Amino acid sequence: MTDLSDTTERAAIDREFLKPSKRRPHYLERISIFKALQEVRHQVKSGIILDVGCGRANIISFLQKKYKFRNKPVGIDVIKNDNTKSRMQKYSIEPGGCGPMVLDALIAIKNEQDGTLKFRRSCREGICGSCAMNINGTNNLACLTPLTGNDTIYPLPHMEVIQDLVVNMKVFYKQYAQIEPWLKTDVKNTGNTENLQSIKNREKLDGMYECILCACCSTSCPSYWWNSEEYLGPAVLMQAYRWIEDSRDTATIERLEFVDDALKLYKCKSIFNCSNT
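Keep in mind that what you see is a predicted model, and the values were worked out from it rather than measured. Along each chain, numbering runs from 1 in the same order as the chain's sequence is written. Where totals are concerned, whole chains, interfaces and linings use all residues; where local detail is concerned, this predicted model gives features only for residues with pLDDT of at least 70, and gives and counts side-chain atom pairs only at 80 or more. Neither water nor hydrogens contribute to the side-chain values; these are computed over all heavy atoms in the structure.

Caption draft 1: Spotlight on the overall build of the chain. Within the chain one finds 9 helices and 7 strands. Of all 277 residues assigned to the chain, the portion counted as buried reaches 41%. Considering only contacts in the chain between residues 6 or more positions apart, those separated by 24 or more positions represent 61%. Under the convention used here, a 1.4 Å probe and the Shrake-Rupley method define accessible areas, while residue burial counts only the protein chains that appear. In the form shown here, the chain has an accessible surface area of approximately 15900 Å², with 52% of it arising from carbon and sulfur atoms. Labels follow the DSSP assignment, with helices taken as runs of H or I lasting at least four residues and strands as runs of E lasting at least two, numbered in each case from the N terminus. Burial classes follow relative accessibility: with a 1.4 Å probe on protein chains only, a residue under 20% of its type's maximum area counts as buried, one over 50% as exposed, and anything between as partly exposed. Contacts were defined at the residue level, with two residues in contact if any of their heavy atoms lie within 4.5 Å.

Spelled out as structure tokens, the structure:
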């Protein structure tokens, strides 16, 4: 056994893993090599000891546990909308035919099986929020949801469907614009100074500024389903509070008065579906 805590031994892992080999399972060829090696290096830094002589086997085993790979076909049911009619379309992907996430499977289906399949995607890193959809009954991002081997995919619930997994987000973005999500301040800035904020006040924004506006929480809320034109919904209300809580913003009273409404705010019934997405 060899301690892989130094750079030389980590380089040995890189060479062993990237070395061409007919024995290497096909599914590994579709994985982001960089991401996989970063995960392995993290394990090495944590003190895990591997044998360089069988480094590939160890890495494969690690990735199988991490990404839940299956040596069997992946089955996916996706709703399709053709000529205003909806139907469930079954797809099957052979082992190694795609990466570990639902978005990888959808991309493989579109590229290799059904070019008419419509869905949104962009960053593939859980940052843009484009690939939000209902996966196995829960709203989630396709790029962050691992395949289970038998997945059912719908568009975000109770939204106007444009086609397949693409929904109309106009109402959601209109409501977001209504809260005026930008800094309002009476402090005159000459352009030479920053708008400073204490560390304590900055910490109050944690858990709110990270929102990527994917609409998973809002579209899981029954109150939003029933009153989507009037009720702002969890995502927009949280964004409104993010600016109310910002110590640099001087329009706090104005913002509070805007949301202090029986429909905009108080249609929340504390169902908490939003917290499960």
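The discussion continues.
Caption draft 2: The arrangement of the pattern of salt bridges in detail. In what follows, salt bridge is the name for a side-chain nitrogen of Lys or Arg lying within 4 Å of a carboxyl oxygen of Asp or Glu. Following the criterion strictly, the structure yields 10 salt bridges and no others. In this structure, Asp206 and Arg202 form a salt bridge, with 2.7 Å as the shortest nitrogen-oxygen distance. For the salt bridge of Asp246 with Arg242, the shortest nitrogen-to-oxygen distance reads 2.8 Å. A single burial state applies to Asp246 and to Arg242, both of which are buried. In the salt-bridge network here, residues are joined through shared partners; they are Lys80, Asp114 and Asp164.

Caption draft 3: Structural detail: the side chain of Arg255. Structurally, the position occupied by Arg255 is in helix H9 (residues 252–259). What qualifies as a polar contact is a pair of N or O atoms within 3.5 Å, subject to a donor-acceptor requirement within protein and to the restriction that residues adjacent in sequence count only when both atoms come from side chains. At 2.7 Å, the side chain of Arg255 forms a polar contact with the backbone oxygen of Trp182. With near-sequence residues (within four places) excluded, Arg255 lies in contact with Ile179, Glu180, Trp182, Lys184, Trp243, Ile244 and Asp249.

Caption draft 4: Structural context of helix H4 (residues 102–112). Among the 11 residues in H4, 8 count as buried, and that is most of the element. Buried within H4 are the following residues: Val102, Leu103, Asp104, Ala105, Leu106, Ile107, Ala108 and Ile109.

Caption draft 5: Examining the sheet that holds strand E3 (residues 132–135) more closely. Whether two strands pair depends on DSSP finding at least two bridges between them. Ordered in space as E2-E1-E5-E3-E4, the 5 strands form an open sheet in which the pairing is mixed. One side of each edge strand has no neighbouring strand; the edge strands of this open sheet are strand E2 (85–93) and strand E4 (138–141). Averaged over neighbouring strand pairs, the angle between their axes works out to 35° when direction is ignored. Sheet analysis places strand E1 (residues 74–82) next to E2, joined by 9 bridges and oriented antiparallel. Working convention: axes come from line fits to C-alpha atoms, limited for helices to the stretch in contact. Angles between N-to-C directions cover 0 to 180 degrees.

Caption draft 6: Inspection of helix H8 (residues 233–244) at higher detail. Under the 1.5 Å per step criterion, the end-to-end length of H8 is 16 Å for 12 residues, consistent within 8% with the ideal 16 Å. Of all the 12 residues making up H8, 10 are buried; the element is thus mostly covered by neighbouring parts of the structure. Along its buried surface, H8 packs onto helix H5 (170–178), helix H7 (222–226) and H9. By this rule, a helix spans an expected 1.5 Å times one less than how many residues it contains.

Caption draft 7: Broad picture of the nonpolar core. What we call a nonpolar core is a set of buried Ala, Val, Leu, Ile, Met, Phe, Trp, Tyr and Cys residues that are connected through their side-chain atoms within 4.5 Å. Counting 47 residues, the largest nonpolar core has Leu106 and Met133 as its most contacted members. Elements with a contribution of two residues or more to this core: E1, E2, H4, E3, H5 and H8. Tallying contributions element by element places H4 first for this core, with 7 residues. Contacts of Leu106, omitting those with residues within four sequence positions, involve Val78, Leu117, Phe119, Met133, Ile153 and Leu165.

Caption draft 8: Local environment of the pairing of E3. Of the two faces of E3, the one carrying Ala132 and Asn134 and the one carrying Met133 and Ile135 are both buried. Here E3 pairs with E4 via 4 bridges, running antiparallel. Note that in E4 the partner of Met133 across the bridge is Asn140. Between E3 and the antiparallel strand that follows it, E4, lie 2 residues; Asn136 among them carries a positive phi value of about 55°.

Caption draft 9: How the structure looks around unusual backbone geometry. Here Arg124, not a glycine, exhibits a phi torsion of approximately 65°, which is positive. With respect to the element layout, Arg124 can be found in the loop between H4 and E3. Exposure remark for Arg124: the relative accessible area of 40% places this residue in the partly exposed category. Even without a glycine there, the phi angle at Asn136 is positive, about 55°. Within the element layout of this structure, Asn136 appears in the loop between E3 and E4. The exposure class assigned to Asn136 is partly exposed, which follows from its relative accessible area of 39%.

Caption draft 10: Summary view of the packing of H5 against H8. One can describe the packing of H5 onto H8 by two numbers: an axis separation of 9 Å at closest approach and a directional angle of 20°. Relative to H8, the element H5 lies roughly parallel. Where H5 crosses over H8, the two elements pack in a sense that is right-handed. Of the residues in H8, those in contact with Phe172, Gln175 and Tyr176 of H5 are Ala235, Val236 and Gln239. Gly is put with the polar residues, along with every residue not named as nonpolar or charged; the nonpolar set is Ala, Val, Leu, Ile, Met, Phe, Trp, Tyr, Cys and Pro, and the charged set is Asp, Glu, Lys and Arg. Partitioning the contact of H5 with H8 into residue classes produces 4 nonpolar, 2 polar and no charged. Geometric relationships in this document are graded by angle, where less than 35 degrees denotes roughly parallel, more than 145 denotes roughly antiparallel, 65 to 115 denotes roughly perpendicular, and other angles denote oblique. For a crossing to be left-handed, the near helix must be turned anticlockwise from the far one by less than a right angle; the clockwise case is right-handed.

Honestly, that's just the spatial picture; any functional story needs more than this.
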